[in-house]
Structure formats: C-alpha cells, structure tokens
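# Chain and residue survey
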Amino acid sequence: MPSGLQSSRLPSSPQWSLLGCGALGGVFASLLTLSGQPTRVLLRDRHRSTLHPGIDFTSLEGHTQLINIERGFISQPGQIKRLLVMTKAGQVVSALTPLVGKLATGVPIVLLHNGMGIAEQVVQLFPHNPVIAGVTSHGAMQSGHFAFRHTGKGETWLGPVNEAAKAHAALADDLGAALGQAGWDEQILARQWQKLAINCAINPLTALYKLKNGELAGPRFADVLQQICVEVADVMQAEGQPTSGDELLRRAMTVVELTADNYSSMYQDMEQSRETEIEAITGFLLACAAKHGIAVPVNQGLYQAIKEKS
Ligand code: KPL
C-alpha cells in the first residue's frame, strides 16, 4: 500500500552522496543542504580540472543564494552512506560502473531519472545493494555553471526495485523533509509507467517544436496527444498496468497545465546539444510494444524524429 506523502523533518541522517549535478541534481543538492541534511556531490573525474564554485541556487520564490557544498570525485568516493543518482537515464550505468566494488554492501542506491529499463541493470551491477526507483515531478533549470533554478514544486515517490530495498522506506521521509513532499510506494512500477506516459506525451513534442509545456494545450496538438496516449495505454495494458488512453491524456494535460511555463527536460537537452533521454522514454515504450507485437506508429515517428535531430 502506498504510504501518505511525508514532510517530517528528521533530526539527523546519514550523508547523501549525489551522483549527477545537472538541473534537477543541482536543485535537489541545494534543497537537501538547506534542510540541514549532510549532502555532497560526486563529480566525474574529468571535472577535476574545472572550477567548482558554490551552487548558485534560485528558489521557487525567486531568491538566489550561494550554497557551499562538499564535493568528491568518483575515483576516490570516500565513504558513501546513501547514494542518490540523478544523472540522465543514459548515463546511470556508466556513472555507477566505477563504484562497483567500492560501495559497501547494504548502501542504498536511489535512482531518480526519467524513463525505465535502467534499474534492472543497476540491480545486476550491485546485487548486494538495496536499489530504489523514484519518480519526481519537480521542475528545474540550469541557468549557468553550477547555477540552478527550482522552477516547479512537485511530488517525489520512491519504491523498492529489489527485496533488500524494502527496508528503506525512511529515505522518503528524509527526502520529504527537503522537498516538502515525498512518499514511499511499494508499487513504484505503476508510478514509473504513469510518469513514462507523461514523458512520452510531453517531452518529444516540446523538444521537436521548441515549445514550453503549456503550449501543448493548443488545439493543434489535441489529436497527436490523444494518439500518443492511446498507444501508451495499449502497451501498459499488455504489461499488466490497467489504464486507458483517456486517463493518460487527462494526466498528461494536468501536467501540461501545472508546468505550463516550464521547458521539458528533453527540450533543454536538445537546446544544449546534450544527449536526450529518448531511449529510456519512448525507446523503452517501443521495446515493450515490440515484445507484445503492438503497433505504436505515432510514438515510433516521434522517436525517429528526435533521433534524427539529436
Ligand atoms: O518530467 C518532465 C520533464 O520535463 O522531463 C515533465 C513532467 C514533462 C515536466 O517538464
């Protein structure tokens, strides 16, 4: 059963090590630090020679402050007590691989990225660690070198990927103390699918047409959004996730409204010439569709268009 959303503040907690300091990683690192929880960012070794100022963090209310944050490097990670992985989906495995053999058994690994199909690979890499999957609807933007803006307050849900992770529901309480809301849900797979559906609907279209999320509410996108959602619903049903195209469309349009002024992460990635998460989002959907022999032509077309433009 899902637990309620938590926002309790715990007196002291083990240090968070954050892997991946992009827009969302930077915002989470800032919010965790501001909540008084010991936090550091783990950078890749190629960043050793780069200048690392403090984090220039702009809150939802528009207040900017400089946050001093401890840094470590992946080749010499020191003692990791709990690991929060916030790299892009496509970089999770390569970022974690150098930590194989260096992470103590039992250290929880929390994965917070868009898309699906990655957590299973992490369980194979770290068979003796609790692996936790998360979904979040917080909005974030990177506005410069180590400069991050929190652009939307959302919910965060965590849940176990493997058996060992089931003992770590308290991680959601600590995240909740920093983010305002976070909850633990044993059925995290269902939430991952719901988020995947929203990402399939919003991310490729906003990236291809260079739109803010809210612009998808216009009448010219009504048909394509409905087709995307019907195809995703077909695949979800085949995967044992009961839903309908209408339900997914309603959820996607709610997010379009709530994040109307935001640029999707895929839009931001394309603008910055970064690798997008299309493989873990639409690519994952296409792989599941192929497994069940389901045609998903609209999502297929969007996948190809993003690949060609990237
Ligand atoms: O998760 C998102 C993203 O941009 O990746 C959405 C929900 C679409 C919000 O922008």
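Nothing here was measured: the structure is a model prediction, and the numbers come from that model. (Residues numbered from 1 in each chain as written. Predicted model: local features only at pLDDT ≥ 70, side-chain atom pairs only at ≥ 80, totals over all residues. Heavy atoms only, no water.)

## Things to note about the packing of aromatic side chains
Under the definition given, this model contains three aromatic pairs. Both rings, one in W193 and one in F284, keep their centres 5.7 Å apart while their planes meet at 50 degrees; by these two values the pair is tilted. One end of the pair, W193, is in helix α5 (residues 188-209); the other, F284, is in helix α9 (residues 279-292), and 91 residues separate them in sequence. Like W193, the residue F284 is buried in the burial classification. Summarising the aromatic geometry, the rings of Y263 and Y267 are spaced 4.5 Å apart at their centres and angled 25 degrees between planes, so their arrangement reads as stacked. What makes Y267 buried here is its relative accessible area of 13%. Just above the ring of W157 sits the side chain of R191; from NZ or CZ to the centre is 3.6 Å. (Phe/Tyr/Trp six-rings, centres within 6.5 Å; stacked < 30°, edge-to-face > 60°. Helix = DSSP H or I, 4+ residues; strand = E, 2+ residues; numbered from the N terminus. Buried < 20%, exposed > 50% of the residue type's maximum accessible area, 1.4 Å probe, protein only. Lys NZ or Arg CZ within 6 Å of the ring centre and 35° of its normal.)

## Quick look at the pairing of strand β6 (residues 82-85)
What you see with β6 is no split at all: R82 and L84 on one side and L83 and V85 on the other are buried throughout. Bridge count for strand β1 (residues 16-19) against β6 is four bridges, and the pairing is parallel. Considered in β6, the bridge of W16 is made with R82. When β6 meets strand β7 (residues 109-112), the two strands line up parallel, connected through three bridges. Looking at the pairing, V85 lines up with L111 of β7. (Pairing = 2+ DSSP bridges.)

## Describing the site of the ligand
Close to the ligand lie N114, K195, N199, I202, N203, N213, V255, S264 and S265, which account for all nearby residues. In this structure, an oxygen atom belonging to the ligand sits 2.5 Å away from a side-chain N or O atom of S265. In terms of residue class, the shell around the ligand is built from two nonpolar, six polar and one charged. (Near = heavy atom within 4 Å. Polar contact = N/O pair within 3.5 Å; in protein donor to acceptor, adjacent residues only side chain to side chain. Nonpolar A, V, L, I, M, F, W, Y, C, P; charged D, E, K, R; others polar.)

## Side note on the pattern of salt bridges
Scanning all chains against the criterion turns up 11 salt bridges. The residue E247 makes a salt bridge to R251 at a minimum N-O spacing of 3.2 Å. Here the residue E247 and the residue R251 both occupy positions in helix α7 (residues 245-258), the gap between them amounting to four residues, near one helical turn. Judged by relative accessible area, E247 falls into the partly exposed class, the value being 21%. The exposure class assigned to R251 is partly exposed, which follows from its relative accessible area of 37%. (Salt bridge = Lys/Arg side-chain N within 4 Å of Asp/Glu carboxyl O.)

## Remarks on the sheet that holds strand β8 (residues 131-136)
Pairing in this open sheet of eight strands is mixed, and the strands run β5-β2-β1-β6-β7-β8-β11-β12 from one edge to the other. Strands at the two margins of the open sheet, each flanked by one partner only, are β5 (70-73) and β12 (183-184). In this structure, strand β2 (residues 39-43) lies alongside β5, joined through four bridges in parallel fashion. The residue bridging V41 from the neighbouring strand is R71, located in β5. Helix-sheet contacts for helix α4 (residues 170-179) involve β1, β6, β7, β8, β11 (156-160) and β12, and the interaxial angle to β11 is about 170 degrees. The sheet contacts of α5 involve β8 and β11, and relative to β8 the element is tilted by about 40 degrees. (Contact = heavy atoms within 4.5 Å. Axes fitted to C-alpha atoms, helices over the stretch in contact; angles between N-to-C directions.)

## As for the sheet that holds strand β3 (residues 55-58)
Here four strands make up an open sheet; going across it, the order is β4-β3-β10-β9 and the pairing mixed. The open sheet is flanked by β4 (64-67) and β9 (139-144), the only strands paired with a single partner. Strand-to-strand twist of the sheet, defined as the mean angle between neighbouring strand axes without regard to direction, takes the value 25 degrees. Here β3 runs beside β4; their pairing, made up of four bridges, is antiparallel.

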